[in-house]
Amino acid sequence: MAKQGMPLRAFATINHIQRQNGVKLISGCSDSKAARKFLGFIASAAMNKIREYISESAAFNLLSDGSQARKTNEEKELVLVRIFDEQSNKVRYFTVGLLDIDGDATAGNIKNAIDKCMVETLELREEVYIEKLVACTADGASVNFGAYNGMLTKFKENRPWLLTFHCTAHRFELALKDSLAKCQRFKDIRDLLGNLFSVFNNSGKLKKHFYEVGSSYDIQLCNTPKVAGTRFVSHTRNAVDCVLKNWAGHILNFEDYITTPSCNSNLKAKLKGILKKLKSPEFLRSVAVVKLLLDVLAEMSLITEKKDLFIHDIESSIQSCLDDLNALSINDEATSSLLNKYGLQLVSQNKDSDIDASDDDESSQSVLLANITKKGHQKKKPANRETVELSVAMHLPNNSHEWSGDEVKRDIVEAINNRFSADFADDLLQGFSFLDPATWGDTYHQTYEKIKKIMEHFHTTLDQDGFSRSLVKAEFKALFREANTTFSGQSPERMWTNVFSRRKTKYRNLLRVVSLGLALGVC
């Protein structure tokens, strides 16, 4: 009931239904007051469990994100904790509070609210809260990252070892917005996607006519999704995918609808503006270019959304994305191949016959041939799907307006490098690459120096619970040999899972350092 956000009065109804189904329940405990008590006990038990997890962990990472309530306009702060659970060998996230901020959302007020939540509500011992907090992750707002009075700067006042991370997913999205915002053609495409959603959302008659057109041609058409949202890449990519599937359907729908009495002058003007873009061969190729770019970027975007993303994964993932972008060929062959996947083909035909003509022939016209999935065949296997072939007249090509996308590709690469280069140059952060055995090299000495630097930086956090820094070198030397024999060829996650499961006593001190590294949450 609490998870679904149901009102307390629903508890009586749920109890009544359960009794009607023969479930024996305690009498006198089915009203709203009883529900409030039960929820309080459940929340208290959950808080006790979270406190136990944090106290027993080697370290924890605090993650926070602020938002404003729509109805009350009050500032809220969502606070989560990330730990590495050595018992289950898994990263765990816990929501510890959705906090009301007293007064304005200043750095001091937000920090006070978080401190109060951790010490008073969660009842975490103050020394645990101070000593085991090794990192904080937040978005890039100045209230968080202000050099002098930022919230994270205030957290570092009594924790000089604290690492502060600007959320990786947020940074990646900002890098793309920084670069794509410079490109007028991309803005035009975003405007088209937004306008398509807007006209369908505001006109039920147009939307109904759209599906009637699909039924008349017996073709499968899909809803136009909203392009705005917190996940810039995925929302834009989904919208582009949808518009390419519906491209011919949109043209047929709008051309027919503007002739009907239901279409008022304002809507007619909007639809004519949309049709001008849809019937432009150059604009269609530009959309294909954007789709090629987003397909590469979407993989990295999905990686940043993973809950178990580790600090040592970031640089390799970013570099892989940059390599894929640099290797991406954006040319006529690539765009034509992508359009063919959507059953779209641009051809030039003679106006008086079906014979193909050259683009510079004045008697030729540009035609879009579309093979659209037949209605009801979308869920069938590709080999069993039937298609309907349609042809739609397009405007004559204007090659002077061709857009290759190479410039925006270079801007994206530059923006990503600018956003992440500081992390890649930080010696301490680079030291956590020891979590990936592939970086260990032929001798253990160089990697041990990275571990040694981490131990020195986080000595306050590590030097408790019987931890012995002097034994870590011998333990790592022994693990180095095992990594080349017993654990050879295993992924970092698999290897550390096996080490925690089978060698926890043997490598007890080293694994405290590993737990600290795996607890760091970069998104």
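Chemist: Looking at this model, I keep getting lost on the overall build of the protein. Mind explaining?
Modeler: A count of helices and strands for the protein gives 22 helices and 8 strands. A principal-axis box enclosing the C-alpha atoms of the protein has dimensions of 90 × 70 × 50 Å. Across the 523 residues that make up the protein, the buried fraction comes to 46%. Within the protein, residue pairs in contact and separated by at least 24 positions form 68% of the contacts whose partners lie at least 6 positions apart. As presented, the protein carries roughly 27000 Å² of accessible surface, and 47% of it is formed by carbon and sulfur atoms. Computed over 70 positive and 66 negative side-chain charges, the inter-centroid distance for the protein is 8 Å.

Chemist: Mind showing me how you'd approach a positive patch on the surface here?
Modeler: A cluster of like positive charges, contributed by Lys-452, Lys-473, Lys-477 and Arg-481, occupies part of the molecular surface. Looking at the positive patch, the element that brings in the most residues is helix α20 (residues 472-483), giving 3 residues. Checked against the element boundaries, Arg-481 lands in helix α20.

Chemist: Would you mind showing me how to read helix α9 (residues 204-217) here?
Modeler: Each α-helix turn comprises 3.6 residues. Residues three or four places apart therefore point the same way. When the terminal C-alpha atoms of α9 are compared, their 20 Å separation across 14 residues agrees well with the 20 Å that a helix rising 1.5 Å per residue should span. Within α9, the full set of buried residues consists of Leu-206, His-209, Phe-210, Val-213 and Gly-214. Angularly, the buried residues of α9 cover 145 degrees about the axis, an arc narrow enough to put them on a single face. Away from its buried face, by an angle of more than 90 degrees, α9 presents the exposed residues Gly-204, Lys-205, Lys-208 and Ser-216. Considering only its buried residues, α9 is in contact with α8 (184-202), α11 (247-257) and α12 (265-278).

Chemist: In this structure, what is going on with the environment of Tyr-148? I would like to understand it.
Modeler: With respect to the helices and strands, the residue Tyr-148 is situated in the loop between α5 (142-145) and α6 (151-155). Taking the C-alpha atoms as reference, Tyr-148 lies 60 Å from Ser-262; in sequence the two are 114 residues apart.

Chemist: Which parts of the structure should I look at to understand the packing of aromatic side chains?
Modeler: Aromatic ring pairs are defined here through the distance separating the ring centres and the angle between the ring planes. In the structure shown here, the tally under the stated rule is 14 aromatic pairs. Aromatic side chains Trp-440 and Phe-476 sit 5.0 Å apart centroid to centroid with 75 degrees between the ring planes, which places their arrangement in the edge-to-face category. Residue Trp-440 is located in the loop between α17 (427-431) and α18 (445-457), and its partner Phe-476 is located in helix α20; the two are separated by 36 residues in the primary sequence. Members of the aromatic cluster, connected to one another through ring pairs, are Trp-440, Tyr-444, Phe-476, Phe-480 and Trp-496. Against the face of Phe-155 rests Lys-111, its NZ or CZ located 5.3 Å from the ring centre. A cation over a ring is seen here: Arg-159 above Tyr-129, with NZ or CZ 4.7 Å from the ring centre.

Chemist: In this structure, what is going on with the pairing of strand β1 (residues 60-68)? I would like to understand it.
Modeler: The side chains of a regular strand alternate between both faces of the sheet. For β1 and strand β2 (residues 75-85), the ladder comprises 9 bridges, and the chain directions are antiparallel. Within β2, the residue paired with Gly-66 across the bridge is Glu-77. Sheet analysis places β1 next to strand β4 (residues 133-138), joined by 4 bridges and oriented parallel. The residue bridging Leu-62 from the neighbouring strand is Cys-136, located in β4.

Chemist: Is there a simple way to think about the pattern of salt bridges in this case?
Modeler: Note that side chains of opposite charge can pair when their charged atoms are close. In total, this model carries 18 salt bridges according to the counting rule given. With its nearest N and O atoms 3.5 Å apart, the salt bridge here joins Glu-86 to Lys-504. Here Glu-86 is found in the loop between β2 and β3 (90-100), whereas its partner Lys-504 is found in the loop between α21 (492-502) and α22 (508-519), with 418 residues between them in sequence. You can call Glu-86 buried: its relative accessible area is 15%. Under the relative-accessibility criterion, Lys-504 is labelled partly exposed at 30%. We note a salt bridge from Arg-125 to Glu-127, for which the minimum N-O separation is 2.8 Å.

Chemist: Where do I start with the confidence of the model for the protein in this structure?
Modeler: The predicted coordinates ought not to be read in detail in places where the model reports low pLDDT. For the protein, mean pLDDT is 88; residues scoring 70 or higher make up 95% of the total. Across the protein, the element-wise mean pLDDT spans from 82 in strand β6 (residues 344-350) up to 95 in α22.

Chemist: Just to check I follow, could you spell out the sheet that holds β4 for this structure?
Modeler: Hydrogen bonding along the main chain pairs the strands of a sheet, whether they run parallel or antiparallel. Here 5 strands make up an open sheet; going across it, the order is β3-β2-β1-β4-β5 and the pairing mixed. The two strands at the open ends of the sheet, each matched to only one other strand, are β3 and β5 (163-166). Within this sheet the neighbouring strands show an average axis-to-axis angle of 20 degrees, counted without direction. By the bridge criterion, 4 bridges tie β4 to β5 in an arrangement that is parallel. Of the residues in β5, the one forming a bridge with Thr-137 is Phe-165. Taken strand by strand, helix α3 (residues 107-121) contacts β1, β2 and β3, and its axis lies near 115 degrees from that of β3.

Chemist: Looking at this structure, I do not really get the nonpolar core. What am I missing?
Modeler: It is characteristic of soluble globular proteins that their nonpolar side chains tend to be buried jointly. Ranked by size, the top nonpolar core spans 121 residues in total, and within it Leu-244, Trp-247, Ile-416, Phe-432 and Trp-496 carry the most contacts. When residues in this core are grouped by element, the largest group, 13 residues, is from helix α13 (residues 281-304). Look past the residues within four positions of Trp-247 in its chain and what remains in contact with it is Lys-277, Leu-278, Phe-283, Leu-284, Val-287, Leu-344, Leu-368 and Met-394. Tyr-129, Leu-133, Cys-136 and Met-151 belong to the second-largest nonpolar core, a separate cluster that totals 29 residues.

Reading the values: rules and limits
Residues numbered from 1 in each chain as written. Predicted model: local features only at pLDDT ≥ 70, side-chain atom pairs only at ≥ 80, totals over all residues. Heavy atoms only, no water. Helix = DSSP H or I, 4+ residues; strand = E, 2+ residues; numbered from the N terminus. Buried < 20%, exposed > 50% of the residue type's maximum accessible area, 1.4 Å probe, protein only. Contact = heavy atoms within 4.5 Å. Areas by Shrake-Rupley, 256 points an atom, 1.4 Å probe, with all protein chains shown as cover. Lys, Arg positive; Asp, Glu negative; His and termini not counted. Charge placed at Lys NZ, Arg CZ, Asp CG, Glu CD. Patch = residues over 30% accessible without salt bridge, like charges linked within 9 Å, V, L, I, M, F, W, Y side chains within 5 Å. Salt bridge = Lys/Arg side-chain N within 4 Å of Asp/Glu carboxyl O. Expected span 1.5 Å × (residues − 1). Arc of directions from axis to C-beta. Phe/Tyr/Trp six-rings, centres within 6.5 Å; stacked < 30°, edge-to-face > 60°. Lys NZ or Arg CZ within 6 Å of the ring centre and 35° of its normal. Pairing = 2+ DSSP bridges. pLDDT = per-residue confidence, 0-100. Axes fitted to C-alpha atoms, helices over the stretch in contact; angles between N-to-C directions. Core = buried A, V, L, I, M, F, W, Y, C linked by side-chain atoms within 4.5 Å.

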